[in-house]
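Remarks on the overall topology
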Amino acid sequence: MNRWARIIAVAMAALGLGPAVLPPTPAHAQGIGLPGQNRDTPIEIHADEGIEWQQDAKAYIARGNARATQGKVTLHAATLIAYYQDSPRGGTEIWRIDALKDVRIVSAEQTAYGDKGVYDVAKGVMVLTGNTRLVTPTDRITARDSLEYWEARALVVARGNAVATRGDRTLRADTLTAHFFKGKDNKSKINIIRAFDNVIITSPKEVVRARRGVYNLPTGIAVLTGSVKITRG
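What counts and what doesn't
Residues numbered from 1 in each chain as written. Predicted model: local features only at pLDDT ≥ 70, side-chain atom pairs only at ≥ 80, totals over all residues. Heavy atoms only, no water. 1 Å grid on protein atoms, 1.4 Å probe; cavity = no way out; pocket = protein on both sides within 12 Å on 5 of 7 lines; lining within 4 Å. Points joined across faces, edges and corners; volume = space filled by probe spheres on them. Helix = DSSP H or I, 4+ residues; strand = E, 2+ residues; numbered from the N terminus. Core = buried A, V, L, I, M, F, W, Y, C linked by side-chain atoms within 4.5 Å. Buried < 20%, exposed > 50% of the residue type's maximum accessible area, 1.4 Å probe, protein only. Contact = heavy atoms within 4.5 Å. Salt bridge = Lys/Arg side-chain N within 4 Å of Asp/Glu carboxyl O. Phe/Tyr/Trp six-rings, centres within 6.5 Å; stacked < 30°, edge-to-face > 60°. Lys NZ or Arg CZ within 6 Å of the ring centre and 35° of its normal.

A full pass over the atoms with the stated rule returns two cavities of 30 Å³ or more. The calculated volume of the largest cavity comes to roughly 110 Å³. Around the largest cavity sit 14 residues that line it, and A164, R166, R169, L171 and Y215 are the ones nearest its centre. For the lining of the largest cavity, the elements supplying multiple residues, two or more each, are β9 (140-143), β11 (155-166), β12 (169-182) and β13 (188-202).

Structure, rendered in structure tokens:
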């Protein structure tokens with residue numbers, strides 16, 4: 001049983017909802033799915049309305065301002081559902097987490113929003129859908145269809161009329177990928193944004209169109225390819 005299951009089971013026991021007898025925790029810890037997150041820290045789950053254990057469905061359900069915190073990252077939602085399965089190492093493990101309604105993933109450097117989130121624990125991928133956006137102190141990324149967090153690759157993928165804004169510049173495309181890196185201050189920041197299909201960059205003085213683009217945020221240099229058209233004035 002991994003840390004998600006252990007902490008939920010302990011909370012259930014405290015509420016009189018289930019047993020507190022837990023098998024050993026495997027060495028591999030589960031993460032919340034935000035790029036740059038440390039998986040080695042414990043996860044804590046809180047819910048204002050309590051936690052329900054559905055044995056037939058193999059699921060734990062945390063309702064009412066549910067929060068899952070690991071280190072400096074917190075996943076918020078009205079409801080969190082953690083699905084578990086038998087582990088080859090013995091015991092059980094969480095394989096999927098659903099976050100329903102008013103979803104937020106908050107860290108010191110960025111906050112992501114969506115109406116719904118699905119986290120594939122094995123792949124370390126969180127997919128947010130519905131009114132999705134990512135906000136950092138310097139950047140804002142929105143997408144019509146989805147925001148995907150690829151934990152191991154420190155990558156965010158915005159799909160469907162994706163828009164990235166920094167200051168007075170806007171980068172728009174069908175799909176944007178934002179690549180994170182850790183700076184000298186050990187904070188996770190967006191380094192490169194790649195744009196695919198129907199790319200448009202706007203600034204106060206010009207509009208640039210292309211099929212693809214690569215925008216280096218630290219340098220402010222954008223390299224565009226494929227049917228490039230620049231309009232000034």
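There is more to say, and it comes next.
Right, let's talk about the nonpolar core for a bit. By size, the foremost hydrophobic cluster in this structure holds 44 residues, and its most contacted members are L134, I141, L171, L176 and I193. With six residues, the top contributor of residues to this core is strand β4 (residues 73-86). Residues in contact with L134, not counting those within four places in the same chain, are Q110, T111, A112, D139, R140, I141, L147, Y149, V156, F180 and I190.

Glancing now at the pattern of salt bridges. When the charged atoms of two side chains lie near each other, side chains of opposite charge can form a pair. Under the counting rule described, the total for this entry stands at eight salt bridges. Linking K58 and D86 is a salt bridge whose minimum nitrogen-to-oxygen distance equals 4.0 Å. Highlighted residues: K58 in the loop between β2 (51-54) and β3 (59-70) and D86 in strand β4, separated in sequence by 28 residues. With a relative accessible area of 34%, K58 lands in the partly exposed category. The partner of R96 in a salt bridge is D98, with the nearest N and O atoms 2.7 Å apart. Overall, the relative accessible area of 7% leaves D98 in the buried class.

Here we take up the packing of aromatic side chains. Following the criterion strictly, the structure yields three aromatic pairs and no others. Between Y83 and W95 the ring centres are 6.2 Å apart and the planes differ by 45°, which places this aromatic pair in the tilted class. Of the two residues, Y83 is situated in strand β4 and W95 in strand β5 (residues 92-106); the sequence distance between them amounts to 12 residues. Among the aromatic residues, those joined into a cluster by ring pairs are W53, Y60 and Y84. Directly above the aromatic system of Y113 lies the positively charged group of R133, at a separation of 3.8 Å from the ring centroid. Here R153 stacks its cationic end above the ring of W150, 5.4 Å away from the centre of that ring.

As far as function goes, none of this settles anything; it's purely spatial.
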